[in-house]
Each structure stands twice: as C-alpha cells, then as structure tokens.
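Working through the structure, step by step
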Amino acid sequence: MTTMTWITYSEEDTKQFAEKLGELLQAGDVLTLEGDLGAGKTTFTKGLAKGLGVKRTVNSPTFTMIKEYSGRIPFYHMDVYRLEDSDEDLGFEEFFNGEGVTVVEWAQFIEDYLPEERLELTVEYVNETSRKISAAARSPHFEQVCKEMSS
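Heads up: these notes are all about the structure in this document. Just so we're clear, the structure is a prediction, and the values are computed from it rather than from any experiment. (Residues numbered from 1 in each chain as written. Predicted model: local features only at pLDDT ≥ 70, side-chain atom pairs only at ≥ 80, totals over all residues. Heavy atoms only, no water.)

1. Some thoughts on the environment of N59
- Relative to the helices and strands, N59 is located in the loop between α2 (41-51) and β3 (66-69).
- Overall, N59 belongs to the partly exposed group, its relative accessible area being 35%.
- Residues N59 and T43, 16 residues apart in the sequence, show an inter-C-alpha distance of 8.9 Å.
- Ignoring any residue separated from it by four or fewer positions in sequence, one finds N59 in contact with K67, Y69 and H77.
- Side chain to side chain, N59 and K67 meet in a polar contact 2.2 Å long. (Helix = DSSP H or I, 4+ residues; strand = E, 2+ residues; numbered from the N terminus. Buried < 20%, exposed > 50% of the residue type's maximum accessible area, 1.4 Å probe, protein only. Contact = heavy atoms within 4.5 Å. Polar contact = N/O pair within 3.5 Å; in protein donor to acceptor, adjacent residues only side chain to side chain.)

In structure tokens, the structure reads:
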C-alpha cells in the first residue's frame, strides 16, 4: 500500500487538487473520505465532482445517505454516518461495482462492505486556509493515480 500526503493552501487550492483527482478516476473507483467536521470534506468533494464533469451543485448527503450525480461518468456520494452500529446493507455492491465513482464518508461504519481496492483519503485542518490531504492507495491503479497527482 502506497501512502502520500499533499498540502493545499486555500479552499480554491483544495477544490483544484480534488478536481485534478476527479479527472484521473474511472468507472468502478471507490474512495473513502475521512476528516473532522469543518476539515473540508465537502469542499474536496465539490472539486472531485467538477473533475468528473458534474454540473449540479454538490452538497453533503447527511440526511439522504446517498446522492447520485451525472457527469462524464456517474458520481455517487455517500455519507454513512447514520449507519453506525447497524448491519444494514443498502446495496453498496451495486454502487461499488457500478459504472461510476463512489465516495464514502464515514466509511469505517461499513468496512465489511468496502472493496479491498480503494483509495483512502483523509482531509485534515492545518490552519484557517490550509489542509493536509493524505491518501492510502490500496491497488496498483490507485498507486498510479497518486503518482500522477504528485507530478
């Protein structure tokens, strides 16, 4: 497993970083996204969606759990926080093995359903404007994606 870290220096920088990542993703890719409240997960996800060609406004799916967006490939945004201490399967495999890219926030609550091949991302607050983005690539494909993000 390859791990890498980047620092972004503004909200726009975070969005641009995520947009570049979105441009490198392909159907069937699964990303987990961790970070404290206010760390920048939604900002990151908005940039990722833009890189996937999503035109609609992207916001957190906290109350709906799963939001689907159309782009160059479908984009599925999950917030599974409300599944803590639950064994409920909402058909995750259909999304994970589907035609789009899936981002899962609070992924530890559905660990048993996650595919082994995934990109684990963490967004951390550094200061008012900066964020630390860490990635753990759990497949050769995601190792290549991380290398391209660093070039």
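We are not done yet, so read on.
2. Let's talk about the nonpolar core
- Judged by nonpolar contacts, the single largest core of 29 residues is most densely connected at L21, L31, F44, F75 and L119.
- Among the elements of the structure, α1 (11-24), β2 (30-34), α2, β5 (101-105), β6 (119-125), β7 (131-137) and α4 (140-150) are those that each provide at least two residues to this core.
- Per-element accounting of this core gives the leading share, four residues, to α4.
- Residues contacting L119, with those up to four places away along its chain left out, are L21, V30, L31, T32, A135, A136, A137, F142 and C146.
- Core analysis: the second largest hydrophobic core is formed by eleven residues, M78, F96, A107 and I110 among them. (Core = buried A, V, L, I, M, F, W, Y, C linked by side-chain atoms within 4.5 Å.)

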